[in-house]
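Examination of the molecular architecture
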Amino acid sequence: MSIQAIEATVVRVPRSALVPEQGAAVLLPSGKSAAVFMLHDGSVHAVGNLDPFYGAPVICHGIVGDRSGAPTVASPLGKQVFCLRTGACLDDGTVSLPVFPVAADDDMIHLSIPVHEAETDALTS
Amino acid sequence: MTVPERTLPGKTVPGKTVPKRVVVVGHGMVGHRFVEALLARDTAGAWGITVLSEEPRPAYDRVALSSVFDGADEMSLRLPALDAARVDLRLGVRAESVDRAARVVRTGDGERIGYDELVLATGSYPFVPPVPGHDAPGCFVYRTLDDLAAIKKLCSSGAGVVIGGGLLGLEAANALRLLGLDPHVVEMAPHLMAVQVDAGGGALLGRLVTDLGVTVHCGIGTARVLTDPASGQASGVELTDGTVISASVVVFATGVRPRDQLARDMGVAIGPRGGVVVNEACRSVSDERVWAIGEVACADGVVYGLVAPGYAMAETVADRLAGGAAAFSGADLSAKLKLLGVDVASFGDAHGRTPGALCVTLNDPVRRAYGKLVISDDAATLLGGILVGDAGRYPMLRALVGSPLPADPSALLAPEGAGASGDGGAGLAGLPDSAQVCSCNAVTKGDLLTAITSGAARDVAGLAACTRAGTGCGSCVPALKQLLGVAGVAQSTAICEHLRASRAELYEIIGGAGIRTFTELITRYGRGRGCDICKPAVASILASLHTGDHILDGERGALQDTNDRHLANMQRNGTYSVVPRIPGGEITPAKLMVIARVAEDFGLYTKITGGQRIDLLGARLEQLPLIWKRLTDAGFESGHAYGKALRTVKSCVGSAWCRYGVQDSVGLAIELELRYRGLRSPHKLKGGVSGCARECAEARSKDFGVIATENGWNLYVGGNGGFRPRHAELLVADVPTDELITIIDRFLMFYIRTADRLQRTAAWIESMDGGLEHLRDVIVADRLGICADLDAAMARHVADYRDEWKAVLADPQRLARFASFVNAPAAPDPAISFTVERGQKIPNRPLLPLEVL
Ligand SMILES: Cc1cc2nc3c(=O)[nH]c(=O)nc-3n(C[C@H](O)[C@H](O)[C@H](O)COP(=O)(O)OP(=O)(O)OC[C@H]3O[C@@H](n4cnc5c(N)ncnc54)[C@H](O)[C@@H]3O)c2cc1C
Ligand code: SF4
Ligand code: FES
């Protein structure tokens with residue numbers, strides 16, 4: 001799939017609204033949501049908020065941690081663990097979360113959201 | 001005569017020799033072991049195996065039979081299934097007769113099955129003395145699952161009589177006790193369990209059992225069973241001295257006899273006291289194609305009534321059929337039993353029958369323990385012994401039988417260091433490799449060490465898989481653990497990859513080092529940034545230790561699991577449930593109306609819970625504070641339905657209303673619920689209080705259950721419902737309210753300190769060395785001297801309790817957590833929708849992204 005064809009909008013969140021290692025949901029123009037996480041070291045990751053196993057918008061409420069060094073979030077419903085960098089489910093190779101590119105400065109987090117964000121799988125590959 | 005041949009499907013391959021046929025009569029524990037052993041040896045498929053099982057179910061663990069009164073069911077007792085492709089197992093099919101000349105077994109349904117080799121494993125039948133009335137309805141025996149089911153089905157109260165004070169009799173007495181009857185045990189011998197223990201041990205056993213509510217009548221016979229003239233039903237027994245015990249249930253546990261009728265009819269040699277006479281190959285001395293194993297065999301003049309010798313016989317015959325030359329040369333009758341929670345063990349020459357044997361006894365009335373060692377006339381070698389009340393040293397002592405004494409015999413009997421989990425490891429280290437550690441499966445220390453050092457086994461489960469040790473009665477499991485320790489295998493208790501410590505160790509580390517944050521803990525004692533296993537465990541420990549802090553403040557908010565994170569239970573669609581506390585299930589109509597209004601105004605689905613309160617479901621995250629504002633204004637508090645914490649203390653109406661009630665169960669339930677509300681624990685905690693022995697509050701299915709008595713309260717601990725239901729067991733009886741509360745305080749605090757992550761009280765007690773008895777030692781007798789500490793910890797909890805929800809509502813920072821979106825804090829999530837069923841809303845089942853794929 002060709003990446004340059006993807007149109008994106010930018011959604012901004014002030015850094016001060018985020019608490020370290022606690023996710024937050026960001027409402028997207030489409031009515032869906034992203035789960036945004038600020039880690040202990042200040043880095044920020046954004047993935048789709050919909051739990052692929054339950055179809056519920058809850059990933060932002062999962063526990064943040066690491067598995068062998070890679071930052072992760074665990075689904076609050078089924079406890080499946082997802083890699084925050086790739087969106088891949090580390091407990092089930094067939095499932096992944098969409099990942100949204102993040103640009104962060106000291107005050108503001110900028111999320112790039114593809115216009116057709118349902119097709120965001122392309123961004124992760 | 002031609003025999004209609006039965007061959008196993010798939011076994012007659014053209015051009016190959018037809019497998020030889022072995023027919024096993026009886027699918028009990030020993031018959032089962034025989035088939036397993038033969039299958040393991042016969043990799044070439046040389047044998048076609050048919051098993052006839054008179055019972056309508058496959059073999060089960062008869063040794064653990066009594067656990068059906070403690071929550072076990074048939075499935076949990078079942079032995080591992082046999083490979084159906086290789087074994088033709090006929091359930092509910094009895095062998096009626098055998099024609100040895102034709103080598104044919106005739107079954108109850110008339111089928112004739114030919115054999116090359118016939119293995120008799122028919123076990124025993126309960127012997128019932130022919131006293132008048134012994135066959136009246138209401139008289140039972142204690143041998144099979146069906147026997148126990150019949151006893152269990154009884155719905156009576158009052159007294160129950162067990163005739164026979166041996167192993168079976170005491171198990172039966174406990175069963176009656178668990179059914180709510182007052183058990184009496186009648187034993188002809190001068191003391192209980194005369195086969196296993198001597199007079200001194202028997203006397204202590206009698207005292208311990210009496211304390212548990214069993215009335216013991218020793219040195220007396222039963223004259224007859226009394227019957228109700230109208231119904232013919234058993235109504236009691238009359239003893240030989242004229243004493244009458246009224247009872248609705250009579251259980252005969254007066255020993256067993258070999259089930260050798262089939263063998264007698266076949267015309268093979270039978271021993272003087274029954275049993276098929278076999279040689280060292282376990283082969284009938286009359287017919288070389290007939291073998292007998294287990295309780296139906298008479299080997300060297302002895303009929304064995306324990307499972308371990310039967311297993312050894314099963315292995316012997318399997319080996320012979322596979323071409324080996326194994327021999328059965330008698331067996332060790334050592335056994336460790338737990339009867340009504342009392343340890344009884346006897347091993348080796350327990351009764352000192354060896355000529356010149358010397359005895360060392362230690363009778364400790366304070367510790368309520370009796371021990372006797374039998375040693376050789378030169379005081380150099382241990383020959384056997386008896387332990388009653390505390391059999392912690394059994395695995396070590398049994399393994400020492402036949403070996404030189406490593407220490408002064410009285411030192412071997414002395415109590416183990418309080419608190420330490422036994423220094424038996426040192427004893428084990430000194431044993432020769434030939435010492436048998438698991439007598440059920442004849443596994444020596446050498447076998448175990450080989451399994452450990454070869455790397456094949458790294459834990460108890462691994463040892464069981466390699467050697468079968470520990471899979472019988474289980475009494476050797478502590479010794480297995482010690483051996484692993486001796487061999488230098490550190491058993492991993494790490495809770496996850498980030499923290500190399502068990503929950504109990506973490507509790508000590510966090511408390512001891514005064515740690516207040518996860519970051520501090522993980523940088524000092526762990527690695528990485530944690531995960532969904534360690535973070536909630538640490539959050540729970542911090543909540544238990546720092547009772548004054550709010551669980552959502554600072555870094556701790558990020559440690560909380562799904563439900564604790566927003567003080568509400570997350571449902572499958574990402575909405576939450578709200579459960580206000582209704583202590584003891586008592587609520588005024590006015591408060592009920594508040595709940596109803598809130599539910600209506602917020603459109604919540606309502607349901608009554610099993611814990612006597614009301615669940616309001618379908619609240620969105622941003623609605624939670626609004627809902628709780630209404631509820632707290634009306635005087636409600638958090639019900640902690642979301643926490644690994646105290647949930648409810650359920651109660652019946654008790655003496656205030658009920659005609660049978662003897663105490664105020666509602667009052668006590670409310671007092672307990674208010675005392676322990678907010679208490680964070682390794683798993684959820686539930687309590688119950690019933691106003692009399694009828695137990696309408698189902699208190700015995702709770703972690704702590706209280707049942708009123710005429711004189712006070714009985715406290716039961718370790719019950720739960722759920723996947724593996726357990727009945728709580730009696731911890732203390734007839735205590736006044738203040739004492740009751742102190743003991744529950746300690747029980748809960750000790751649990752919070754030492755249990756594993758997500759371990760409920762039942763499993764916690766089970767995993768304790770010494771089980772309930774040890775628990776009683778610690779929290780009632782204060783054997784470890786920690787009760788003052790436990791009491792202080794609970795006092796801190798009670799003093800520091802604040803309603804978590806009220807504290808959230810009062811603090812804007814905490815409230816900020818309840819925004820639906822950072823960029824639209826009060827917007828309802830469009831991804832959540834509902835549909836209506838039976839007049840209330842329920843979650844819409846979304847089309848899962850996974851299903852789209
Ligand atoms: C409550 C209780 C507690 C016990 N506790 C202990 C303990 O702690 N330690 C210990 O070592 N031992 C204990 N035992 C004894 C132990 O259970 C027996 O030693 C063991 O079960 C014997 O096994 P078996 O296969 O020889 O006989 P069983 O287990 O009795 O099996 C024989 C089977 O053969 C079937 N059968 C009989 N005749 C026929 C026929 N003609 N055709 C087809 N099938 C037939 C019977 O129905 C039965 O199912 C206990 C026993 C009981 C009842
Ligand atoms: S347990 Fe006893 S007091 Fe309570 S309701 Fe039942 S019968 Fe009445
Ligand atoms: S001694 Fe019974 S299982 Fe090991």
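Note: the structure precedes this text.
First things first, this report covers the structure right here in the doc. Values in this document were obtained by computation on a predicted structure and should not be read as measured data. (Residues numbered from 1 in each chain as written. Chains lettered and ligands numbered in written order. Predicted model: local features only at pLDDT ≥ 70, side-chain atom pairs only at ≥ 80, totals over all residues. Heavy atoms only, no water.)

1. A short note on the sheet that holds strand β12 (residues 215-218) of chain B
Residue and element names in this part refer to chain B. If you trace the five strands from one edge of the open sheet to the other, you get β9-β16-β10-β11-β12, paired in parallel fashion. Of all the strands in the sheet, the pair left with one neighbour each is β9 (139-141) and β12. Recorded for the sheet is a direction-independent mean angle of 20° between the axes of neighbouring strands. Bridge count for strand β10 (residues 159-163) against strand β11 (residues 182-187) is five bridges, and the pairing is parallel. Counted as the bridge partner of Ala159 is Asp182 from β11. The strands that helix α4 (residues 167-178) touches are β10, β11 and β16 (249-252); relative to β10, the one it contacts most, it runs at about 170°. (Pairing = 2+ DSSP bridges. Helix = DSSP H or I, 4+ residues; strand = E, 2+ residues; numbered from the N terminus. Axes fitted to C-alpha atoms, helices over the stretch in contact; angles between N-to-C directions. Contact = heavy atoms within 4.5 Å.)

2. A closer look at the interface of chain B and chain A
Listed per partner, the contact involves 41 residues of chain B and 37 residues of chain A. Overall, the association of chain B and chain A removes approximately 2900 Å² of surface from exposure, summing both partners, and the carbon and sulfur fraction of that is 58%. Sorting the residues of chain B by area buried against chain A places Arg529(B), Asp532(B) and Val822(B) first, and these three jointly supply 19% of that buried surface. Where Glu21(A) meets Arg529(B), a salt bridge forms, and the shortest distance between an N and an O atom there is 2.9 Å. (Buried area = accessible area lost by both parts, 1.4 Å probe. Salt bridge = Lys/Arg side-chain N within 4 Å of Asp/Glu carboxyl O.)

3. Topic: the packing of aromatic side chains
All names here are of chain B. Evaluated as defined, the whole model comprises nine aromatic pairs over all chains. Taking 6.0 Å as the distance between ring centres and 65° as the angle between the ring planes, the aromatic pair formed by Phe347 and Tyr394 counts as edge-to-face. In this pair, Phe347 sits in strand β22 (residues 342-348) while Tyr394 sits in helix α8 (residues 394-400), placing the two residues 47 residues apart along the sequence. On the accessibility criterion, Phe347 (1% relative accessible area) is buried. The rings of Phe747, Phe750, Tyr751 and Trp764 are connected pair by pair, giving a single aromatic cluster. The side chain of Lys591 reaches across the aromatic face of Phe636, ending 4.7 Å from its centre. Positioned above the aromatic ring of Phe834, the side-chain terminus of Lys841 is 4.0 Å from the ring centre. (Phe/Tyr/Trp six-rings, centres within 6.5 Å; stacked < 30°, edge-to-face > 60°. Buried < 20%, exposed > 50% of the residue type's maximum accessible area, 1.4 Å probe, protein only. Lys NZ or Arg CZ within 6 Å of the ring centre and 35° of its normal.)

4. Some remarks on the pairing of strand β5 (residues 104-107) of chain B
Looking down a regular strand, the side chains alternate between one sheet face and the other. Residues and elements named next belong to chain B. Two elements, strand β4 (residues 95-99) and β5, share four bridges in a ladder whose sense is antiparallel. Bridging across to β5, Ser97 finds its partner in Arg106. Taking the residues between adjacent antiparallel strands as the criterion, β4 and β5 are bridged by four residues, where Arg103 takes a positive phi near 60°.

5. A word on the site of ligand 1
Residue and element names in this part refer to chain B. Not every one of the 31 residues close to ligand 1 is listed here, only the nearest: Glu54, Glu55, Arg62, Arg143 and Glu295. In the environment of ligand 1, an oxygen atom lies 2.9 Å from a nitrogen or oxygen atom belonging to the backbone of Val30. Interatomic distance of 2.8 Å between a side-chain N/O atom of Arg62 and an oxygen atom of ligand 1. In isolation ligand 1 exposes 1000 Å². Once the protein is present, 95% of that is buried. The set of elements that each furnish at least two residues to the shell around ligand 1 consists of α1 (29-41) and α4. Of the residues contributing to the shell around ligand 1, the split by class is 14 nonpolar, nine polar and eight charged. Two domains share the shell around ligand 1, each providing at least three of its residues, namely domain 1 (20-125 + 258-321) and domain 2 (128-254). (Near = heavy atom within 4 Å. Polar contact = N/O pair within 3.5 Å; in protein donor to acceptor, adjacent residues only side chain to side chain. Areas by Shrake-Rupley, 256 points an atom, 1.4 Å probe, with all protein chains shown as cover. Nonpolar A, V, L, I, M, F, W, Y, C, P; charged D, E, K, R; others polar. Domains from an automatic or database assignment.)

6. A look at the nonpolar core
Most often, soluble globular proteins keep nonpolar side chains buried together rather than apart. All names here are of chain B. Among the nonpolar cores identified, the biggest contains 58 residues, and Leu672, Tyr676, Phe704, Leu715 and Leu775 are the most heavily contacted of them. For this core, the element with the most residues is helix α21 (residues 737-754), which contributes 10 residues. Here this core spans two domains, since at least three of its residues come from each of domain 5 (503-561) and domain 6 (569-800). Of all hydrophobic cores here, the second largest spans 48 residues; its members include Phe34, Leu38, Val98 and Ala292. (Core = buried A, V, L, I, M, F, W, Y, C linked by side-chain atoms within 4.5 Å.)

7. Description of the site of ligand 2
Around ligand 2 sit Cys652(B), Gly654(B), Cys658(B), Tyr660(B), Gly661(B), Ser690(B), Gly691(B), Cys692(B), Arg694(B), Glu695(B) and Cys696(B), and those are all the residues in its vicinity. Here the residues of the shell around ligand 2 are counted per class, giving five nonpolar, four polar and two charged.

8. Description of unusual backbone geometry
Residue and element names in this part refer to chain B. Of note, Met193 is a non-glycine position whose phi angle comes to about 50°, a positive value. Mapped onto the fold, Met193 is located in the loop between β11 and α5 (199-211). Classification of Met193 as buried rests on a relative accessible area of 1%. Not every positive phi belongs to a glycine, and Gln612 is a case in point at roughly 65°.

9. Focus on the sheet that holds strand β15 (residues 244-246) of chain B
Residue and element names in this part refer to chain B. In spatial order, the strands read β13-β14-β15; together these three strands make up an open sheet with antiparallel pairing. Each having just a single partner strand, β13 (222-227) and β15 make up the two edges of the open sheet. The sheet shows a mean angle of 20° between the axes of neighbouring strands, direction not considered. Pairing of strand β14 (residues 234-239) with β15, which is carried by three bridges, proceeds in the antiparallel orientation. Bridge pairing links Glu238 to Val244 in β15.

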